Amino acid sequence: MDNKIISDMFAEIASMLSLDERPTARFEVRAYQKAALTIGSMQEGVDDIYRKGGKAALMELPGIGKGIAGSIEEYITTGHMEKYEYLKKMYPIDMKGLTSIQGLGARKAVALYKALGVKDIPTLKKALASHKIGKLEGFGEKSEEMIHKGLDLLQRSSGRMLLGDALPVAEAIVQRLKDSGLVDRALVAGSARRMRETVGDLDILAISEKAPKVMELFTKMPEVESLIAEGPTRSAVRLKIGLNCDLRVIPEDGFSAAVQYFTGSKDHNVQVRTISVRKGYKLNEYGLFNKKGKIIPTKSEEELYAKLGMQWMPPEMREARGEVKLAQESALKMPVELGDIKGDMHTHGRDSDPSTDPLEKMADAAMTSGLKYFASTNHTKSLKVENGMNEKQFELFFKKVDALNKRLYGKIRILKGAEVDILKDGSLDLDQKCLKSMDWVVGSVHSAFNQPEEEMTKRIVKAIDSGFIDVLGHPTGREMPSRDAYRLDLDKVCEAAERNRVAMEINAQPKRLDLNDTNIISASKYKIKFAIDSDAHRTPHFAYMRYGVGTARRGWLTKDRIVNAMGLKEISKYLEMD
DNA sequence: GCCGTTTTCGGCCCGACTGTTTTCAGTCG
């Protein structure tokens with residue numbers, strides 16, 4: 001898989017081309033940036049695409065034309081890329097490393113190289129230590145300090161943060177602004193609103209007549225570590241949690257346009273703005289304007305999109321994956337919502353296990369979350385670190401479940417289940433009699449992650465074909481940020497799931513979100529259902545459901561594809577069909 | 001360098017903020 005290497009090369013080419021004075025160069029820069037983004041975010045390897053369909057197949061990818069496809073072909077076949085090497089000779093510096101420092105761009109990086117021989121992070125550190133940077137032309141004390149701070153920051157943080165860590169902080173800041181009485185409205189925009197699995201920064205928007213006071217409140221919040229910028233319409237701070245946060249204060253008549261603009265994504269916005277131009281409008285973050293430059297007031301995003309001849313789209317879908325065209329044709333189906341969720345098909349909890357809450361507490365929490373049923377699915381004996389249970393223990397445990405169900409009848413129903421380990425050879429970690437006694441079985445891989453793709457695929461397909469599992473738990477096994485997905489042929493797994501009526505899980509734990517959005521899109525081609533599960537080990541974890549639903553929405557799943565969007569009667573019928 | 005209901009040429013987003021300027025360049029989003 002060469003995607004990351006090639007994507008990085010294109011990103012570096014873009015940086016180096018940004019130094020080019022030719023007027024057309026800046027468009028080339030954008031072309032290479034876009035290509036880098038496309039390739040960097042793809043699931044399939046460019047080398048596979050090239051092997052299957054040659055240069056023509058590469059040119060099917062968005063932002064990849066004849067020239068860039070040629071460069072990819074050249075790299076795959078020869079291991080070299082002439083354009084990259086030519087530019088690299090002109091600028092023999094670690095452009096990617098240096099420009100990843102906040103406040104240091106390509107031009108300043110080259111200026112540092114020419115004046116002080118800075119070519120990478122270590123030589124930059126030396127230059128900083130000698131205090132020569134502030135004396136250079138075009139630099140000053142403040143730029144030196146900014147580079148210093150930027151470097152510190154880079155070394156302390158890897159950049160993006162889990163949505164589950166970032167979103168609650170953003171929502172707390174919004175609440176603080178609202179509680180102050182200084183703002184009329186405030187909301188979280190950006191990638192957090194789109195429920196991306198990780199976010200690089202937070203964007204908050206507010207309507208207020210008292211911008212200076214709002215900015216003062218914002219920049220002096222206890223969450224703030226340091227001030228990056230403060231102005232009348234925009235301020236930016238570094239938060240103690242290690243994330244930058246922007247606040248924009250906007251007048252009321254431009255709010256819906258600002259919300260649309262700052263929710264993005266970038267590519268989605270480019271498409272929407274192109275449509276607005278065709279309709280004779282101009283759309284920017286300040287509003288929708290007619291040809292004479294007069295603002296066309298819009299009260300909501302719905303109204304704004306309607307003016308452009310489009311359906312409103314949920315933020316999670318605004319990733320330029322075809323939603324714009326469908327919205328123009330009014331053919332967009334609205335995805336599942338948190339309110340549609342009636343149950344949870346993967347939870348843990350028992351009295352004897354100190355790493356979880358007891359079943360009664362879990363049932364209480366499930367009721368508080370508004371659920372009508374949930375499956376209690378404890379780990380099985382092989383998973384010793386999680387206190388996995390054996391057949392006898394399940395038998396005893398289920399008697400407790402029966403008793404509790406009797407007591408809670410009419411309020412909530414607990415389904416008897418297990419998260420059974422799919423062992424290395426694809427067999428299951430409990431005997432058939434025990435598995436048959438259950439309402440719902442989650443099958444999951446928790447060991448031997450390093451098997452080759454073919455072996456792992458066979459292992460999982462064998463488990464699905466056993467006929468004993470109802471859902472494949474966290475199907476790719478990734479855990480952000482440290483554990484990558486195991487190698488797996490998802491198509492073969494989905495085919496097996498389809499013929500066995502096995503669902504695919506969307507595990508809602510913030511570090512998992514597995515399947516992820518792009519895998520969901522691939523998997524949804526098959527006639528299978530999905531289960532959005534909190535995988536709660538303790539009562540607060542039921543709240544993870546929103547991240548799973550957000551991920552399902554990013555994968556365009558409608559309510560009818562979700563197992564646990566069924567009511568209790570419906571799901572009981574579904575379970576009897578086994 | 002990419003792309004196409006503006007279709008094989010001629011567009012491609014541009015404003016806010018900062019710092020080092022003395023009217024603007026660099027960076028960011």
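Keep in mind that what you see is a predicted model, and the values were worked out from it rather than measured. (Residues numbered from 1 in each chain as written. Chains lettered and ligands numbered in written order. Predicted model: local features only at pLDDT ≥ 70, side-chain atom pairs only at ≥ 80, totals over all residues. Heavy atoms only, no water.)

Here's the deal with the pattern of salt bridges
Short version of the rule: Salt bridge, as used here, is a side-chain nitrogen of Lys or Arg placed within 4 Å of a carboxyl oxygen of Asp or Glu. Starting at the N terminus, helices and strands are each numbered in turn, a helix being any DSSP run of H or I of at least four residues and a strand any DSSP run of E of at least two. Only protein chains enter the accessibility calculation, which uses a 1.4 Å probe. A residue is then buried if its area is under 20% of the maximum for its type, exposed if over 50%, and partly exposed in between.
Here the structure, examined in full by the defined rule, presents 27 salt bridges. The closest approach of N and O atoms between Arg 176 and Glu 223, which form a salt bridge, is 2.9 Å. Of this pair, Arg 176 sits in helix 10 (residues 163-179) while Glu 223 is found in the loop between helix 12 (211-219) and strand 5 (224-230), placing the two residues 47 residues apart along the sequence. Under the relative-accessibility criterion, Arg 176 is labelled partly exposed at 29%. Arg 553 serves as the salt-bridge partner of Glu 316, at 2.8 Å between the closest nitrogen and oxygen. Here Arg 553 lies in helix 23 (residues 545-554) and Glu 316 lies in the loop between helix 15 (301-307) and helix 16 (323-328), a separation of 237 residues in the sequence. Accessibility classification places Glu 316 together with Arg 553 in one group, the buried group. One salt-bridge network, in which partners are shared between bridges, spans Arg 194, Glu 319, Arg 321, Asp 517 and Arg 554.

Here's the deal with the pairing of strand 2 (residues 185-189)
Stated precisely, the cut-off is as follows: When DSSP finds at least two bridges between two strands, those strands are taken to pair.
For strand 2, the tally of buried residues reaches four of five residues, placing the bulk of the element in the interior. Across five bridges, the pairing between strand 2 and strand 4 (residues 201-207) is antiparallel. Within strand 4, the residue paired with Ala 189 across the bridge is Asp 203.

Digging into the packing of aromatic side chains
As a reminder of what qualifies: The criterion for an aromatic pair is that two Phe, Tyr or Trp rings (for Trp, the six-membered ring) have centres within 6.5 Å, with stacked assigned to planes under 30 degrees apart, edge-to-face to planes over 60 apart and tilted to the rest. By definition, being over a ring means that NZ of Lys or CZ of Arg is both within 6 Å of the ring centre and within 35 degrees of the ring normal.
Inspection of every chain in the model, using the stated rule, returns six aromatic pairs. Taken together, a centroid distance of 6.0 Å and an interplanar angle of 10 degrees make the contact between Phe 449 and Tyr 486 stacked. Remark: Tyr 486 occurs in the loop between strand 15 (471-472) and helix 21 (490-500) and Phe 449 occurs in the loop between strand 14 (440-444) and helix 20 (453-465); sequence separation between them is 37 residues. Aromatic rings pair up to connect Phe 394, Phe 397 and Phe 398 into one cluster. A cation over an aromatic ring shows up here: Lys 108 above the ring of Phe 139, its NZ or CZ 5.8 Å from the ring centre. When the ring centre of Tyr 574 is taken as reference, the NZ or CZ atom of Arg 501 above it lies at 4.2 Å.

What about the domain arrangement of chain A?
Our working definition: Here the limits of each domain have been adopted from an automatic or database domain assignment.
According to the domain assignment, chain A contains domain 1 (1-91), domain 2 (161-249), domain 3 (263-328) and domain 4 (338-576). Each of domain 1 and domain 4 was reduced to a C-alpha centroid, and the two centroids are 40 Å apart.

A short note on the sheet that holds strand 11 (residues 343-347)
Strand order in the open sheet made by the seven strands is 11-12-13-14-15-16-17, with parallel pairing throughout. Looking at strand neighbours, the two that pair on one side only are strand 11 and strand 17 (530-533), the edges of this open sheet. Note: strand 11 against strand 12 (residues 373-379), three bridges, orientation parallel. In the strand pairing of strand 12, Asp 344 is matched with Phe 374.

Structural notes on the protein's contact with DNA strand B
Using the following cut-off: Nearness here has a simple test: a residue counts as near a molecule or strand if at least one of its heavy atoms is within 4 Å of that partner. Side-chain atoms alone can form a polar contact between residues adjacent in sequence; in general such a contact is a pair of N or O atoms within 3.5 Å, and within protein one must be able to donate a hydrogen while the other accepts it. By the convention adopted, Pro, Cys, Tyr, Trp, Phe, Met, Ile, Leu, Val and Ala count as nonpolar, Lys, Arg, Asp and Glu as charged, and the other residues, Gly among them, as polar.
Taken together, 39 residues form the shell around DNA strand B, and within it Arg 30, Gly 65, Gly 105, Gly 140 and Arg 278 come nearest. Within 4 Å of the protein, the contacting atoms of DNA strand B are 77% sugar and phosphate, with bases supplying the remainder. Between a phosphate oxygen of DNA strand B and a main-chain N or O atom of Ile 68, the distance comes to 2.9 Å. At a separation of 3.1 Å, a phosphate oxygen of DNA strand B approaches a polar backbone atom of Lys 108. Of all elements in the fold, only helix 2 (25-40), helix 4 (66-78), helix 7 (106-116), helix 9 (141-156), strand 5 and helix 14 (266-278) reach the threshold of two or more residues within the surface near DNA strand B. In terms of residues, the surface near DNA strand B owes the most to one element, helix 2, which gives five residues. Residue composition of the surface near DNA strand B, by class: 15 nonpolar, eleven polar and 13 charged.

Examining the pairing of strand 17
Stated precisely, the cut-off is as follows: Here the term right-handed applies to a crossover when the path leading from its first strand over the helix to its second strand runs clockwise, the strands being oriented away from the viewer.
Neither face of strand 17 is left uncovered, since the one carrying Phe 530 and Ile 532 and the one carrying Ala 531 and Asp 533 both have all their residues buried. Here strand 16 (residues 503-507) runs beside strand 17; their pairing, made up of four bridges, is parallel. Looking across to strand 17, one finds that Met 504 is bridged to Phe 530. Taken together, strand 16, helix 22 (residues 517-523) and strand 17 form a β-α-β motif whose crossover is right-handed.

Considering a negative patch on the surface
Defined as follows: Residues form patches when they are more than 30% accessible in relative terms and have no salt bridge. Like charges link within 9 Å. Nonpolar side chains (Val, Leu, Ile, Met, Phe, Trp, Tyr) link within 5 Å. Surface exposure here means Shrake-Rupley accessible area, sampled with a 1.4 Å probe, where a residue is shielded only by the protein chains that are shown. Under the convention used here, Asp and Glu are negative, Lys and Arg are positive, and both His and the chain ends fall outside the count. We put the charge of a Lys on NZ, of an Arg on CZ, of an Asp on CG and of a Glu on CD.
A surface patch of like charges, here negative, comprises Asp 184, Glu 209, Glu 252 and Asp 253. Looking at where Asp 184 falls in the secondary structure, it is placed in the loop between helix 10 and strand 2.

Considerations on empty space enclosed by the protein
The line we're drawing: Buried and open spaces are told apart on a 1 Å grid over the protein atoms alone, a cavity being a set of points where a 1.4 Å probe fits but cannot get out and a pocket being an open set with protein on both sides within 12 Å along at least five of seven lines. Residues with an atom within 4 Å of a point are the lining residues. Grid points are joined across faces, edges and corners, and a volume is the space filled by probe spheres set on the points.
Scanning the model with the defined rule gives one cavity of 30 Å³ or more in all. Lining the largest cavity we find eleven residues, and of these His 348, Asp 353, Asn 378, His 379 and Glu 386 sit closest to its centre. Across the lining of the largest cavity, the residue classes break down as no nonpolar, eight polar and three charged.

So, the side chain of Arg 553
Test applied: By definition, residues are in contact when any of their heavy atoms lie within 4.5 Å.
Here Arg 553 falls in the buried class, since its relative accessible area comes to 11%. A polar side-chain atom of Arg 553 sits 2.8 Å from a polar atom in the side chain of Glu 316. Other than its neighbours up to four places away in sequence, Arg 553 contacts Pro 314, Glu 316, Met 317, Pro 335, Val 336 and Glu 337.

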